[in-house]
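Given next are the chains, with one letter for each unit.
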Amino acid sequence: MAVRSVNELVKMGFEGIEKEILECTDCQLHETVTNKVISKGSRNPQVVFIGEAPGRKEDETGVPFCGRAGKNLDDIIEYMGLSDYGYAVINAVKCRPPDNRNPLKSEIKACKPFLEAQIELLDPEVIILLGNTAEKAFCDGKKLEWGVPEYVDGKYTLLKIYHPAALIYQRSRIGEQKDLIDSNRHLWK
Ligand code: SF4
């Protein structure tokens, strides 16, 4: 089944998109997935976080960022001072790549209409890209500086920060991440 266009998906609303994702077989990742991981958080958020792809724990549960990296993301959200209603979390790719490899270009491309439609419906003021893969998936080759916001098309502000999983093994980045957040607080306050 070919993924529908972004406009068609947007017209279907959140429930329609969820159904389309659950039924999607548009890339090879559907062959090995246990649970597709669609989103969590508010449907009217000020901030949307875009991650890369589900990991093992997310694949088991169907919930984004529920493992160790998820704990780090929760800490980031708390440090930012966002309420439960203020944010949503989605991934660039909805099915787990085997052995936690990076998603392939073709997989990111196949899943992109879902990502774009979700962003369109969530309509955030700020989109936070969690690491380089999220940037590649969402920005079509455009490179952002870490922690340097960019206002896009009069619609939203893009900001790239470190992926929460990177903070597990590179503890020094926790302080750097806080600095990136501190210098951008005006975006969501
Ligand atoms: S990763 Fe996306 S495009 Fe690929 S099968 Fe899963 S939902 Fe479909």
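This text goes with the structure placed above it.
Computed from a predicted structure; not experimentally measured.

Undergrad: Could you give me a rundown of the overall build of the protein, with the residues and numbers involved?
TA: Scanning the protein from terminus to terminus reveals 7 helices and 6 strands. For 189 residues, the compact-globule formula gives about 16 Å, and the C-alpha radius of gyration of the protein, at 16 Å, lands near that figure. On the principal axes, the C-alpha backbone points of the protein span a range of 45 × 35 × 30 Å. Counting every position in the protein, which comprises 189 residues, the buried fraction comes to 51%. Counted over contacts in the protein with a minimum sequence separation of 6, partners at least 24 positions apart contribute 72%.

Undergrad: I'd like a description of the packing of aromatic side chains, backed by residues and values.
TA: Counted under the stated rule, the structure contains 3 aromatic pairs. Between F138 and Y156, the aromatic rings sit 6.1 Å apart at their centres with planes inclined by 50 degrees, giving tilted as the arrangement. Within this pair, whereas F138 is found in helix α5 (residues 132-139), its partner Y156 is found in strand β6 (residues 156-161), the two being separated by 18 residues in sequence. Its relative accessible area of 11% is what places F138 among the buried residues. The exposure class assigned to Y156 is buried, which follows from its relative accessible area of 12%. Pairing W146 with Y162 gives two aromatic rings, centres 4.7 Å apart and planes at 40 degrees, and the pair type is tilted. Of this pair, W146 sits in the loop between α5 and β5 (150-152) while Y162 sits in the loop between β6 and α6 (166-169); the two residues are 16 residues apart in sequence, bridging distant segments of the chain. Judged by relative accessible area, Y162 falls into the buried class, the value being 8%. A cation over an aromatic ring shows up here: K178 above the ring of Y79, its NZ or CZ 5.2 Å from the ring centre.

Undergrad: Give a detailed account of the sheet that holds β6, specifying residues and quantitative values.
TA: An order of β1-β3-β2-β4-β6-β5 is seen for the 6 strands of this open sheet, with the pairing classed as mixed. The strands lining the two open edges of the sheet, one partner per strand, are β1 (40-41) and β5. In this sheet, β6 lies alongside β5 in antiparallel orientation, the contact comprising 3 bridges. Residue pairing across strands places E150 opposite L158, the latter belonging to β6. Relative to the sheet, α5 contacts β2 (47-51), β4 (126-130) and β6, its axis offset from that of β4 by approximately 130 degrees.

Calculation notes
- Within each chain, residues carry numbers counting from 1 in the order of the written sequence.
- For a predicted model such as this one, the threshold for reporting local features is a pLDDT of at least 70, and the threshold for listing and counting side-chain atom pairs is 80 or more; totals across whole chains, interfaces and linings nevertheless cover every residue.
- Just so you know, side-chain values use all the structure's heavy atoms and leave hydrogens and water out.
- Segments assigned H or I by DSSP are reported as helices when at least four residues long, segments assigned E as strands when at least two residues long, and all are numbered from the N terminus.
- Radius of gyration here uses only the C-alpha atoms, and the compact-globule reference equals 2.2 Å multiplied by the residue count raised to the power 0.38.
- To sort residues, take the accessible area from a 1.4 Å probe on protein chains only and compare it with the maximum for the residue type: under 20% means buried, over 50% means exposed, and anything in between is partly exposed.
- By definition in these notes, contact holds between two residues if any of their heavy atoms fall within 4.5 Å.
- Aromatic pairing here means that ring centres of Phe, Tyr or Trp (its six-membered ring) are within 6.5 Å. Orientation follows from the plane angle: under 30 degrees is stacked, over 60 is edge-to-face, and everything else is tilted.
- A ring is considered to have a charge above it if a Lys NZ or an Arg CZ atom is located within 6 Å of its centre and within 35 degrees of its normal.
- Between any two strands, pairing holds if DSSP finds at least two bridges.
- An axis is simply a line fitted to the C-alpha atoms; with a helix, the fit covers only the stretch in contact. Between two such axes, the angle follows the N-to-C directions and lies from 0 to 180 degrees.

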